[in-house]
Amino acid sequence: MKRAAYQRPRAGLLAACVAIALLGFGCDQVDVQLPSYHKGYQPVQPINYSHKLHAGDLGIDCKYCHFGAEKSKHAGVPPVNVCMNCHKLVKTDSPEIKKIHKAYESGESIKWVRIHKLPDFVVFDHSRHVNRGVACQTCHGKIQNMEVVKQANTLAMGWCVNCHRDYKANPPAHLKDKNLNPSLDCSGCHH
Ligand code: HEC
Ligand code: HEC
Ligand code: HEC
Ligand code: HEC
Ligand code: HEC
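Predicted model only: the values in this text are computed from it and were never measured.

1. A closer look at the packing of aromatic side chains
The relation between two aromatic rings is expressed through the spacing of the ring centres and the mutual angle of the planes.
Consideration 1: Enumeration over the complete set of coordinates arrives at one aromatic pair.
Consideration 2: With centroids separated by 6.3 Å and ring planes inclined at 70°, the aromatic side chains of Tyr49 and Trp112 adopt a geometry described as edge-to-face. Residue Tyr49 is located in the loop between α1 (11–22) and α2 (51–57), and its partner Trp112 is located in the loop between α5 (95–106) and α6 (126–130); the two are separated by 63 residues in the primary sequence.
Consideration 3: Relative accessible area serves as the criterion here: at 30%, Tyr49 is assigned to the partly exposed category.
Consideration 4: When its relative accessible area of 28% is taken as the criterion, Trp112 is described as partly exposed.

Listed below in structure tokens is the structure:
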């Protein structure tokens, strides 16, 4: 499946939201619901890499590979040398592992197909969520059970805003003492 061109939401609800914002309210006054964008997007990757095997069965921590998640905007996809930490020795006769060795020796990166992607006018930062205790799976689903990654949520504005509103009003039990106060202001997510 090819990624469809970025679709603009039907005008109605957003126009209402903008109009209400101009009157001095925020999105907390409106139940925002927008289309499902790329929910369910599950492209074929250049190497048959399995999260179920690595993050599930082998129990490798998400942040061992996605080491940007705690420190920066992007969680990032791991460079080849992270794979080589093990695959220099592990299963070197496999044709899939040979692809890793080939990339490593030629100094090229593996051309993983990007799955989750917000439009440029949205501000999103992994560290601001991960360091406040929001688990990867809350947004990405049970990745540790997936052979092939599939986008679990819409990443639409309504999805972001609804969670910000819920976590402010009624945070999950394990985050109650953190006094979470995610922003509902337009400028929190748009510059
Ligand atoms: C051994 C390294 C490794 C571990 C451990 C790992 N990942 Fe990944 N992850 C990758 C690679 C490589 C890709 C790119 C290929 C793919 O999409 O499968 C990826 C892709 C992803 C993507 C999709 C990125 C995109 O393009 O949008 C998400 C989300 C993700 N991982 C989350 C997780 C979570 C959550 C965990 C822990 C439960 C985890 N990963 C553990 C290596 C890893
Ligand atoms: C912490 C060690 C470790 C890291 C890091 C790691 N792997 Fe693995 N990987 C393994 C083990 C163990 C197996 C299972 C080998 C077996 O079946 O005996 C495996 C199996 C695989 C297989 C299946 C090979 C086959 O033919 O059965 C692929 C493909 C693979 N890994 C890709 C990757 C990629 C890509 C990365 C980097 C993003 C990566 N691995 C990082 C340990 C690791
Ligand atoms: C609050 C929701 C949320 C949480 C929590 C979250 N992510 Fe993401 N993730 C996203 C969104 C939204 C994107 C798309 C970001 C973009 O396009 O800038 C994304 C993108 C990614 C990507 C693609 C590359 C990148 O960095 O943009 C990877 C890999 C990823 N996430 C892994 C993780 C891992 C691992 C964790 C936990 C340590 C995690 N995410 C926690 C929402 C989340
Ligand atoms: C599962 C709930 C959840 C989802 C989904 C979510 N967020 Fe958040 N967001 C939070 C929490 C919790 C914080 C931390 C608030 C704090 O530090 O008090 C936060 C913080 C932020 C911040 C930092 C500034 C602030 O408001 O505190 C931005 C910007 C942000 N989120 C944008 C987004 C965007 C854009 C999306 C959708 C693509 C999104 N978030 C999806 C829960 C979520
Ligand atoms: C918690 C984060 C968040 C907040 C708060 C937020 N937005 Fe958004 N907004 C997004 C995300 C993510 C998108 C992109 C996905 C989509 O279009 O649904 C978006 C998309 C939009 C778009 C669509 C642009 C287009 O061309 O498709 C408009 C307009 C917009 N927002 C206006 C607003 C206004 C006005 C407010 C304040 C009332 C607001 N947003 C508050 C996250 C947020």
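2. Here's the deal with the site of ligand 1
Consideration 1: Residues in contact with ligand 1 amount to 21 residues; listed here are only the nearest, His51, Cys62, Cys65, His66 and His116.
Consideration 2: The side chain of Gln45 places a nitrogen or oxygen atom 3.4 Å from an oxygen atom of ligand 1.
Consideration 3: The contact in question runs from an oxygen atom of ligand 1 to an N or O atom on the backbone of Ile115, over 2.8 Å.
Consideration 4: Here the residues of the shell around ligand 1 sort into 13 nonpolar, six polar and two charged.

Basis of the calculations
- Starting from 1, residues in each chain are numbered consecutively following that chain's sequence as written.
- Numbering of ligands from 1 and lettering of chains from A proceed in the order in which they are written.
- Predicted model: local features are reported for residues with pLDDT of at least 70 only, side-chain atom pairs are reported and counted for 80 or more only, and whole-chain, interface and lining totals are derived from all residues.
- Only hydrogens and water are set aside when side-chain values are computed; all heavy atoms of the structure are taken into account.
- Stacked, tilted and edge-to-face pairs are distinguished by plane angle, under 30 degrees for stacked and over 60 for edge-to-face with tilted covering the rest, among Phe, Tyr and Trp rings (Trp via its six-membered ring) whose centres lie within 6.5 Å.
- For the purposes of this entry, the term helix denotes a DSSP run of H or I that reaches at least four residues, the term strand denotes a run of E that reaches at least two, and both are numbered from the N terminus.
- Remark: exposure states derive from per-residue accessible area (1.4 Å probe, protein chains only) relative to the maximum for the residue type, with buried under 20%, exposed over 50%, and partly exposed in between.
- The cutoff for a nearby residue is simple: one of its non-hydrogen atoms must lie within 4 Å of the molecule or strand.
- Two N or O atoms count as a polar contact when they lie within 3.5 Å, although within protein this holds only if one can serve as hydrogen donor and the other as acceptor, and sequence-adjacent residues are included solely when both atoms are side-chain atoms.
- Residue polarity is assigned by list, with Asp, Glu, Lys and Arg as charged and Ala, Val, Leu, Ile, Met, Phe, Trp, Tyr, Cys and Pro as nonpolar; anything else, Gly included, falls into the polar class.

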